[in-house]
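A look at the structure
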Amino acid sequence: MEYEYCFHSSIFWIKVEVQLLQLSTTIESTMRQPDFHGARLFGLIAGPALFTLIILWSPESMLNPLAWKVIATAAWMIVWWITEAAPIAVTALLPIVLFPLTGVFTIDEATAPYANKIIFLFMGGFLLGLGMERHNLHKRIALNLIKLTGTNPNGIILGFMLTTAFISMWISNTATTVMMLPIGISIINLLGIEQNSEKGKKRFALSLMLGIAYAANIGGTATIIGTPPNVAWVGFMNDMLGVEVTFAKYLTVGLPICIIMLTITYLLITRVLYPSRINKLSESAQVIDDQIESLGQISRAEKLVAVIFVTTALAWILRGSINNWLNTNLLNDSIIAIAGGILMFITPINIKKSKFLMEWEYTSKLPWGILLLFGGGLTLAKAMEKSDIVQIVGESIAGGNDISLVLLIAGLTAFMLFMTEIMSNVALTVIFVPVVIGISVSLNINPMYLTTPVTLAASYAFMMPISTPPNAIVFSSGMIRIKDMMRAGVLLNLIAIALLVILSQTLIPLIY
């Protein structure tokens, strides 16, 4: 059945708004926390029970008593993270209670990692992102970038993927996906796609939805602040090994890998798996123009946010040169991030009315739980290091001196990638990266060679709707079947493993 669309008629936009309202309800239902029953109830009981069992059993012939206390705490946290018995941020607070009570740390030692400088780097990045969202600068950037790619169906998909990836480098990939999805739905409505639509139209819709989700996941890997696993990894490298990974240095690895993976994903979706082969969508330009027009002229607030954002990004990239010029080493990424965040609150839009770019109330949108999760992860990692667990695990895995480095990287990367399909990638990074560091030290391998691909793999969950928020959000659109996502996801997972292994042997040694 063919539909005619009149872009300036109220009927069209009423239909779009109704569909988006239904979509938002579906998304809310999809992302809602599981009900208090089943797995959660089991986890609530199993976590402390397992902790108690390990504490009581703990044979000294195998490990020292301190190590068993750390393992017991980690077991409790893992059970609660997997079953979501409590919010993951609440679970991350357990070390503050358990480590002092069991004698692993004093209360000062247990709480210190929650104020790690890396956490403030991420907080500053969050504040910059909130400023962009507060004044719709991210949407204006997105629409104008999409407009550049034209009206060819594959060009439209490419535009959405490039734009989504770029925005995800700086703000939450969940927020980016939520922003991009309604724009994508508007384009799809041009085709009147329904269950009985022709194959090409449905493939275009499928490719566009998958492209948005996958680009959001991939884009976050380009910068330190793009996704939580990156920040956790930087914290571990600094705290456990004394290695500082700067924003600029990470960018030299993260950005090329992001570009390569994004290119592969685009070609796989549009040329191999789901080619649409439909005609030019000239009307799509009108949809984009209408949405740009609805934003109005660029405001003073948007201009000010853009100046702060660009200045902060340049300061991150040029930090080394700035320190050399000032003959100091005081400036670091965390200071720059927090300075950028502070500017969002003290830069006036209208000084006479005391109106500023952001008010404190808007920070209710800031994901405080993720910051607590980092603190819990860093505390757990310090305890594993103090109790020699990391060293013991590393030495046991490194027992065979003839182990192949390539196979080791492939195995660790594959484990991380496929486990993150069913478990929070942040929680998994917090648990697994310290162990990988221990393996690296035991094998006398540069930890960067193992930990970098493993950390990046945490963001490459492409198979399941539950794997990442972007996957769940686009799946709720009704344009994707699970088997379609799994078909593309399995191939992308395997490609990602191969790519990360290759890069661990080429680009990463070159940079680090």
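Notes on the structure follow. (Residues numbered from 1 in each chain as written. Predicted model: local features only at pLDDT ≥ 70, side-chain atom pairs only at ≥ 80, totals over all residues. Heavy atoms only, no water.)

1. Overview of the environment of S477
Looking at the element boundaries, S477 is found in the loop between α23 (469-475) and α24 (482-505). For the pair S477 and L181, spaced 296 residues apart in sequence, the C-alpha separation works out to 8.4 Å. (Helix = DSSP H or I, 4+ residues; strand = E, 2+ residues; numbered from the N terminus.)

2. Focus: the packing of aromatic side chains
Within this structure, the stated rule accounts for 13 aromatic pairs. Aromatic side chains F247 and W316 sit 4.5 Å apart centroid to centroid with 15° between the ring planes, which places their arrangement in the stacked category. With a gap of 69 residues between them, F247 in helix α13 (residues 247-273) and W316 in helix α15 (residues 300-317) connect regions that are remote in the sequence. As far as burial versus exposure is concerned, F247 and W316 are alike and both buried. Over the ring of Y362 we find R134, and its NZ or CZ is 5.6 Å from the ring centre. (Phe/Tyr/Trp six-rings, centres within 6.5 Å; stacked < 30°, edge-to-face > 60°. Buried < 20%, exposed > 50% of the residue type's maximum accessible area, 1.4 Å probe, protein only. Lys NZ or Arg CZ within 6 Å of the ring centre and 35° of its normal.)

3. Focus: the environment of L456
Relative to the helices and strands, L456 resides in helix α22 (residues 447-457). In this structure, the C-alpha to C-alpha distance between L456 and I497, residues 41 residues apart in sequence, is 9.9 Å. Those residues within four positions of L456 in sequence are excluded, and the remaining contacts are T221, Y250, I257 and L500. (Contact = heavy atoms within 4.5 Å.)

4. Quick word on a nonpolar patch on the surface
The grouping of V310, L314, I317 and L318 at the surface amounts to a nonpolar patch, some 320 Å² of accessible area in total. Residue placement: L314 occurs in helix α15. Since its relative accessible area comes to 45%, L314 is described here as partly exposed. (Patch = residues over 30% accessible without salt bridge, like charges linked within 9 Å, V, L, I, M, F, W, Y side chains within 5 Å. Areas by Shrake-Rupley, 256 points an atom, 1.4 Å probe, with all protein chains shown as cover. Salt bridge = Lys/Arg side-chain N within 4 Å of Asp/Glu carboxyl O.)

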